[in-house]
Number of protein chains: 4
Amino acid sequence: MHETKLRVRYSETDAQGIVNNANFLSYFEVGRVEWLRAAGLSYKELEAQGYGFVVVEVHAFYKRAARFDDELTLRTRLAELSRASFRFEYALLRGREVLATGSTRHGCVELASGRPSRLPLDLAARLREIEPRPEAGLGA
Amino acid sequence: MHETKLRVRYSETDAQGIVNNANFLSYFEVGRVEWLRAAGLSYKELEAQGYGFVVVEVHAFYKRAARFDDELTLRTRLAELSRASFRFEYALLRGREVLATGSTRHGCVELASGRPSRLPLDLAARLREIEPRPEAGLGA
Amino acid sequence: MHETKLRVRYSETDAQGIVNNANFLSYFEVGRVEWLRAAGLSYKELEAQGYGFVVVEVHAFYKRAARFDDELTLRTRLAELSRASFRFEYALLRGREVLATGSTRHGCVELASGRPSRLPLDLAARLREIEPRPEAGLGA
Amino acid sequence: MHETKLRVRYSETDAQGIVNNANFLSYFEVGRVEWLRAAGLSYKELEAQGYGFVVVEVHAFYKRAARFDDELTLRTRLAELSRASFRFEYALLRGREVLATGSTRHGCVELASGRPSRLPLDLAARLREIEPRPEAGLGA
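In what follows, the accompanying structure is described. (Residues numbered from 1 in each chain as written. Chains lettered and ligands numbered in written order. Predicted model: local features only at pLDDT ≥ 70, side-chain atom pairs only at ≥ 80, totals over all residues. Heavy atoms only, no water.)

**A closer look at the relation of the copies chain B and chain A**
And then number 1: Note on the copies: chain B fits chain A at an RMSD of 0.0 Å, the axial shift is 0.0 Å, and the rotation between them is 180 degrees. Read as a symmetry element, the transformation amounts to a two-fold axis. Nearest to the rotation axis, the C-alpha of H59 of chain B is located 2.3 Å from it, this being the minimum over chain B.
And then number 2: Most of the interface of chain B is mirrored in chain A, where 100% of its interface residues are also at the interface. (Least-squares fit on C-alpha atoms with pLDDT ≥ 70 in both. Contact = heavy atoms within 4.5 Å.)

Structure follows, in structure tokens:
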């Protein structure tokens, strides 16, 4: 499990005075980039090698509103891993209060062709090394 | 079922050259606002009356990438309706090709207090009149 | 001068209940894409030919707030044109009321190298044919 | 002068592979919120007191592209201050390289009525105490 801190920006709120639902997906995106970095992996380098992740599925559950200037903690974990796809889970907290949970499923693509691809071997090896641990959770 | 046309904006794409996953949720939001309008209901007026919808749950399934300048058709239908919550379903198409499907569950809140509320009676009545029809689908 | 219609989306508002200042720049972007289309030019095709426009300068003047669900008219005109750069002017209206004006200056780049480039000859010729007309304005 | 660190998010890039021009305005917004915080002022509290800032004018000059995962430094300073309006200046850097500069002019409004207002006295006093210093600059 990895934790990232986020401060809610004014531009992320909407006229209801709360963070717009779509922006939680951008937060999740930050979460997996930082998860990868913490694992010694760089999404930017992966792209430089000609690979990218595509989002196949997204699920988000909104429990409480996030507001401008809130300091949030985003917990991210790799929950599933197979040869060609993987799934991240997220929990967004304000202090100990869970604001939202979610998950995203991803495939790997060759950026040049846009075609689905297996995960590059070294990436797959590194991911298997660290995750997923079925017993783990996000405490949310 | 209601159809809205959307033209992909440059600002909605990301460095993969495709519409960023989060923006599909903004499209869905447009879809339900237009669905309401087509049903003779105005989300703006609902807010003027002191009520709002909050997003409780979002699910999105990405099948094919949407790209800059694509002309998209967004189909929206009310799939479930109860006293205090309802669920919309969406299908995003480019021509006959389904790019994504999804659904969002909503609750109703009093905007002043932020507290959950039943749907205003006239809104609930109007919604029941037209939807949901279990036999209906989005053709996607 | 070209006119585009825009309906304010909920996701474009912020906690002040008005369209966030940054989103006016996305509106302007829509304006110039549609201006090009009306001139028989396609920004998408330009990119397919290996060229792109980069934003060099932006100026925006906010006079009145735009709100959720407002139907806006965006007027766009090419105000300056030289070998390697050009400038668009914009006026955003709600009915006859001017909400904002602005301008953007652009250069042309070769997308592969990212290097500044002259405008492709056929594009430059077409642009010179139709604009700019110094006597023209946006009525704003 | 105040410095804030920003890491470019994937969702902030567009199909040109660079940060979309509109997102620089969201960065500037973060800059002034953090400037205020560093000055012992909270934009959130200001809103709780019934006041808000509105953007009246924006100018941005884009010199070099910002890319996904770039670590940016945003410098913000209060450049002008009068009874009812003020102006911030910004410089966005990657290391020592200036990517963009800009400025925003703001007025103060009573949030309830939306009407222009003088700055609350304690805010005005605090701002005058620390800024602007005409001799200062952003080193950009």
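**Quick word on the interface of chain B and chain C**
And then number 1: Contact with chain B, which involves 19 residues of that partner, is made by 19 residues of chain C.
And then number 2: If you sort the residues of chain B by the area they bury against chain C, R9, K44 and F68 of chain B come out on top, with a joint share of 33%.
And then number 3: Our enumeration of links across chain B and chain C arrives at six salt bridges.
And then number 4: The partner of R37 of chain B in a salt bridge is D69 of chain C, and the shortest N-O contact between them spans 2.8 Å.
And then number 5: Our enumeration of links across chain B and chain C arrives at 12 residue pairs in polar contact (both at pLDDT 80 or more).
And then number 6: Elements supplying a minimum of two residues to the side of chain B that touches chain C: β1 (2-7), α1 (23-38) and α2 (43-48) of chain B.
And then number 7: For the side of chain B that touches chain C, a count of residues per class yields seven nonpolar, two polar and 10 charged. (Buried area = accessible area lost by both parts, 1.4 Å probe. Salt bridge = Lys/Arg side-chain N within 4 Å of Asp/Glu carboxyl O. Polar contact = N/O pair within 3.5 Å; in protein donor to acceptor, adjacent residues only side chain to side chain. Helix = DSSP H or I, 4+ residues; strand = E, 2+ residues; numbered from the N terminus. Nonpolar A, V, L, I, M, F, W, Y, C, P; charged D, E, K, R; others polar.)

**Re the pairing of strand β1 (residues 2-7) of chain A**
Regular strands place side chains that alternate from one sheet face to the opposite one.
Residue and element names in this part refer to chain A.
And then number 1: Across the two faces of β1 the burial differs, with H2, T4 and L6 buried and E3, K5 and R7 not buried at all.
And then number 2: Both β1 and strand β3 (residues 71-81) contribute to a ladder of six bridges, which runs antiparallel. Across the sheet, the residue bridging to T4 is L74, located in β3. (Buried < 20%, exposed > 50% of the residue type's maximum accessible area, 1.4 Å probe, protein only. Pairing = 2+ DSSP bridges.)

**Some remarks on the pairing of strand β2 (residues 51-62) of chain B**
And then number 1: Two elements, strand β2 (residues 51-62) of chain A and β2 of chain B, share five bridges in a ladder whose sense is antiparallel. The residue bridging H59 of chain A from the neighbouring strand is H59 of chain B, located in β2 of chain B.
And then number 2: Bridging between β2 of chain B and strand β5 (residues 97-110) of chain B involves 11 bridges; their strand directions are antiparallel. The partner of V58 of chain B across the bridge, within β5 of chain B, is T104 of chain B.

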